[in-house]
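Analysis of the macromolecular model
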Amino acid sequence: MRILGLAWLGVFPERFHEMVGFLEDGVGLERILADDDVTLLRTKRGDNVEVFRPAARYDFATTGPVPGLCVDDVDGAVERLRDAGVRLLGATERWEEHAWQHFRAPDGNVWEVTSGPYRPDGPGRGMPWVGVRTARSAEMAAFARDVLGMRVVRAEGSITELAMENDDRLEVIDRSDGDHLFLEGAPVVALEVPDVPATIPALVQLGGEMVIETRRSDDGRAVWQHLRGPDGHLYEIISRAE
C-alpha cells in the first residue's frame with residue numbers, strides 16, 4: 001500500500017456551528033459546500049475537512065476526529081487491510097471521483113483510506129501531521145510500517161515517527177511518554193496556518209482552549225500550538241518557514 005499523504009479529516013461535533021466557525025474563521029479553511037448533513041471545508045493544498053451534523057454521524061464515529069489517508073487505489077488498499085486482519089467498518093463508499101473505506105486501527109481509533117482528486121504533493125498549507133498517543137504504540141507503529149507502507153524516520157524511546165510519500169508525518173506516542181500527557185486517545189491532526197501566534201487569539205475567541213504553551217522546533221523554523229476545539233477534541237495548528 002502507498003499512503004500518498006493526509007488528505008481528509010472527518011469531524012462529528014455536537015456544537016456543529018461553533019466547530020465550523022473555528023475551522024473556517026479561525027484556521028482559515030475555505031468553505032466549499034454546505035447542505036443539511038455536512039459542511040465541506042478545504043485547505044490551500046486541497047485537503048478536505050468535513051464537519052458532520054450530529055444526525056449525519058457515522059454510527060462508528062465515536063472515537064473522535066477521523067483522519068483520511070490518501071491512497072491511489074482504495075480497492076487495493078481494502079484488500080491489503082483485509083488480508084492483514086484489520087476490522088473494516090461499513091462498506092467501501094463512493095461519490096463522484098472519491099472512494100473511501102473506514103477501519104479500526106490497532107490504536108482503537110477509526111481511520112479511513114481514501115482516493116480522489118486530492119493534491120497531496122500540491123502547493124499551499126495542508127494537514128502535515130497526525131499524532132496519536134496509545135498504549136498499543138508498538139502495534140500501531142508496526143501497522144503503519146508493515147501494512148500501510150509508511151517509512152520510519154525516527155524511533156526514539158516512546159515515540160515512533162513515520163513518513164508518508166509526500167512527507168506528511170504520523171507520530172505514534174506511547175502512553176508512558178511524560179512529555180505528551182495532554183494528548184488523549186483520539187488522533188490529533190495538525191492544520192497549517194500562516195502565523196501561529198497571530199492565529200491563536202481568534203481561535204480562543206471562537207471557542208478554542210490552549211492546553212500547553214506554544215512550542216518551537218530547535219531550528220526555529222516551525223511553531224505549533226495544541227488547542228481543544230469546540231467539539232472537545234485536540235487539534236494542532238502549525239506554521240513552518242518556507
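The shown structure was predicted, so the numbers you read here are calculated from the model rather than taken from an experiment.

A few words on the side chain of Thr160. Within the secondary structure, Thr160 is located in strand S11 (residues 159-163). For Thr160, a relative accessible area of 18% gives the class buried. Those residues in contact with Thr160, other than ones at most four positions away along the chain, are Ala141, Val152, Arg154, Ala155, Leu170, Glu171 and Val172.

Another point: the pairing of strand S1 (residues 5-11). Look at any regular strand and the pattern is simple: side chains alternate between the two faces of the sheet. The buried count for S1 comes to 7 of 7 residues, which makes it a mostly enclosed element. Pairing of S1 with strand S5 (residues 66-70), which is carried by 5 bridges, proceeds in the antiparallel orientation. Bridged to Trp8 within S5 is Gly68. Two elements, S1 and strand S4 (residues 48-52), share 4 bridges in a ladder whose sense is parallel. Bridge pairing in S4 places Leu9 opposite Val49.

Summed over the entire model, instances satisfying the criterion amount to 18 salt bridges. Its salt-bridge partner being Glu165, residue Arg2 comes within 2.9 Å of it at the nearest N-O pair. Residue Arg2 is found in the segment before S1, and its partner Glu165 is found in the loop between S11 and strand S12 (169-174); the two are separated by 163 residues along the sequence. A relative accessible area of 39% means that Arg2 is categorised as partly exposed.

With that out of the way, let us pick up the nonpolar core. Counting 49 residues, the largest nonpolar core has Leu23, Val49, Phe143, Met150 and Leu170 as the members making the most contacts within it. When residues of this core are assigned to their parent elements, the largest contribution, 6 residues, is made by helix H1 (residues 16-27). Contact partners of Val49, with chain neighbours within four places excluded, come to Leu9, Val11, Leu23, Leu29, Thr39, Leu40, Leu41, Met127 and Leu191. Counting 15 residues, the second largest nonpolar core, distinct from the first, contains Val38, Leu89, Val110 and Tyr118.

Listed as buried for helix H2 (residues 74-83) are Val74, Ala77, Val78 and Leu81. Considered in projection along H2, the buried side chains sweep an arc of 100 degrees and stay on one side of the axis. Its side-chain oxygen at 3.2 Å from the backbone nitrogen of Asp75, Asp73 defines the N-terminal cap of H2.

It is worth spelling out H1 at this point. Compared with an ideal rise of 1.5 Å per residue, which puts 12 residues at 16 Å, H1 spans 16 Å between its outermost C-alpha atoms and is within 8% of the ideal. Following H1 by one or two positions, Gly28 adopts a phi angle in the positive range, close to 95 degrees.

Analysis parameters
Residues numbered from 1 in each chain as written. Predicted model: local features only at pLDDT ≥ 70, side-chain atom pairs only at ≥ 80, totals over all residues. Heavy atoms only, no water. Helix = DSSP H or I, 4+ residues; strand = E, 2+ residues; numbered from the N terminus. Buried < 20%, exposed > 50% of the residue type's maximum accessible area, 1.4 Å probe, protein only. Contact = heavy atoms within 4.5 Å. Pairing = 2+ DSSP bridges. Salt bridge = Lys/Arg side-chain N within 4 Å of Asp/Glu carboxyl O. Core = buried A, V, L, I, M, F, W, Y, C linked by side-chain atoms within 4.5 Å. Arc of directions from axis to C-beta. Polar contact = N/O pair within 3.5 Å; in protein donor to acceptor, adjacent residues only side chain to side chain. Expected span 1.5 Å × (residues − 1).

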